[in-house]
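# Structural overview for review
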Amino acid sequence: MDKDILEQYLEIKGEIRDLKERIDRDQRRLERIKAEGVVSDTVRGTRKDGTIGPIKITGYPLPEVDQVKNMIKKRVLKLHILEDELQEAVNAVDDFIEKIPKSDLRMMFRFYYLDDMTWAAVAINMNYRFPKRRIKYTEDNCRIRHDRYLKDNLGKL
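First things first, this report covers the structure right here in the doc. Note that this is a predicted model, so its numbers are computed, not measured. (Residues numbered from 1 in each chain as written. Predicted model: local features only at pLDDT ≥ 70, side-chain atom pairs only at ≥ 80, totals over all residues. Heavy atoms only, no water.)

### Notes on the overall build of the protein
So the rule is basically this: A run of DSSP states H or I qualifies as a helix once it reaches four residues; a run of E qualifies as a strand once it reaches two. Both are numbered from the N-terminal end. With C-alpha atoms as the basis for the radius of gyration, the globule rule is written as 2.2 Å multiplied by the number of residues raised to the power 0.38. Only protein chains enter the accessibility calculation, which uses a 1.4 Å probe; a residue is then buried when its area is under 20% of its type maximum, exposed when over 50%, and partly exposed in between. Residue contacts are defined here by distance: any two heavy atoms, one from each residue, within 4.5 Å place the two residues in contact.
Counting secondary structure elements, the protein contains five helices and two strands. The order of α-helices and β-strands along the protein, N terminus first, is α-β-β-α-α-α-α. For the protein, whose C-alpha radius of gyration is 27 Å, the value lies well above the compact-globule estimate of 15 Å for 157 residues. For the C-alpha atoms alone, the extent of the protein along its principal axes is close to 95 × 30 × 25 Å. With 157 residues in all, the protein has 31% of them scored as buried. Here the analysis covers contacts within the protein between residues at least 6 apart in sequence; of these, 55% occur between residues at least 24 apart.

Shown next as structure tokens:
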């Protein structure tokens, strides 16, 4: 096991977050198109009676609606695939964390990776779980212990 599992897990989570934002943006765009309804434009050309002048053209933007719907469908399918990959990555990260020998370090890794906490939140949770500890957990010492573990046991950081 190496640090790549943790990095891959974080990258997949970020990609899923980005994909969800894009899907939401496309859905808002589709709603805006539907709310506006008919679009119109004025062009200069020859009318039915043969005179030249401005002509008003109106219609519903079907190609744009179809394009947005297709994009949403593709992104939703990609999201399902990524969520499956994320579940596999969660299992791999959980296995990696279980192999850490120290209990408090395992908890820090779980809080940071699986629970998506910041280092400050990790320190608060660790102090809550170990209130009688002589030296309190801080944001920096949690992060440093994490980094040191990865460096000592995986040889890279």
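Picking up where we left off.
### Looking at a negative patch on the surface
To be explicit about the condition: Exposure above 30% relative accessible area and the lack of any salt bridge qualify a residue for a patch; like charges then connect within 9 Å, and the nonpolar side chains Val, Leu, Ile, Met, Phe, Trp and Tyr within 5 Å. Per-residue and other accessible areas were derived by the Shrake-Rupley procedure at a 1.4 Å probe size, with only the shown protein chains allowed to occlude residues. Between Lys or Arg on one side and Asp or Glu on the other, a salt bridge is scored when a side-chain nitrogen of the former is within 4 Å of a carboxyl oxygen of the latter. The convention is simple: Lys and Arg are positive, Asp and Glu are negative, and His and the chain ends are not counted. To locate a charge, take NZ of a lysine, CZ of an arginine, CG of an aspartate or CD of a glutamate.
Residues Glu11, Glu15, Glu83, Asp84, Glu85 and Glu88 make up a contiguous surface patch of negative charge. Elements with a minimum of two residues in the negative patch: helix H1 (3-36) and helix H2 (62-98). Broken down by element, the residue count for the negative patch peaks at four residues, all from H2. Topologically, Glu11 is positioned in helix H1.

### Section: the environment of Met107
Tracing the sequence through the fold places Met107 in helix H3 (residues 103-114). The buried category is assigned to Met107, whose relative accessible area is 17%. Distance in space between the C-alpha atoms of Met107 and Ile97 is 8.6 Å, their sequence separation being ten residues. When near neighbours in sequence (up to four residues on either side) are disregarded, Met107 contacts Met126, Arg129 and Phe130.

### Considerations on the pattern of salt bridges
Following the criterion strictly, the structure yields eight salt bridges and no others. For Glu64, the salt bridge is made with Arg29, and the minimal N-O distance between the two is 3.3 Å. Of this pair, Glu64 sits in helix H2 while Arg29 sits in helix H1, and the two are 35 residues apart along the sequence. Look at Arg29 and you get partly exposed, because its relative accessible area is 31%. Its salt-bridge partner being Arg110, residue Glu98 comes within 2.8 Å of it at the nearest N-O pair. Within this pair, whereas Glu98 is found in helix H2, its partner Arg110 is found in helix H3, the two being separated by twelve residues in sequence. Accessibility expressed as a relative area gives 26% for Arg110, which makes it partly exposed. It is possible to trace a salt-bridge network through shared partners that takes in Asp140, Arg143 and Asp147.

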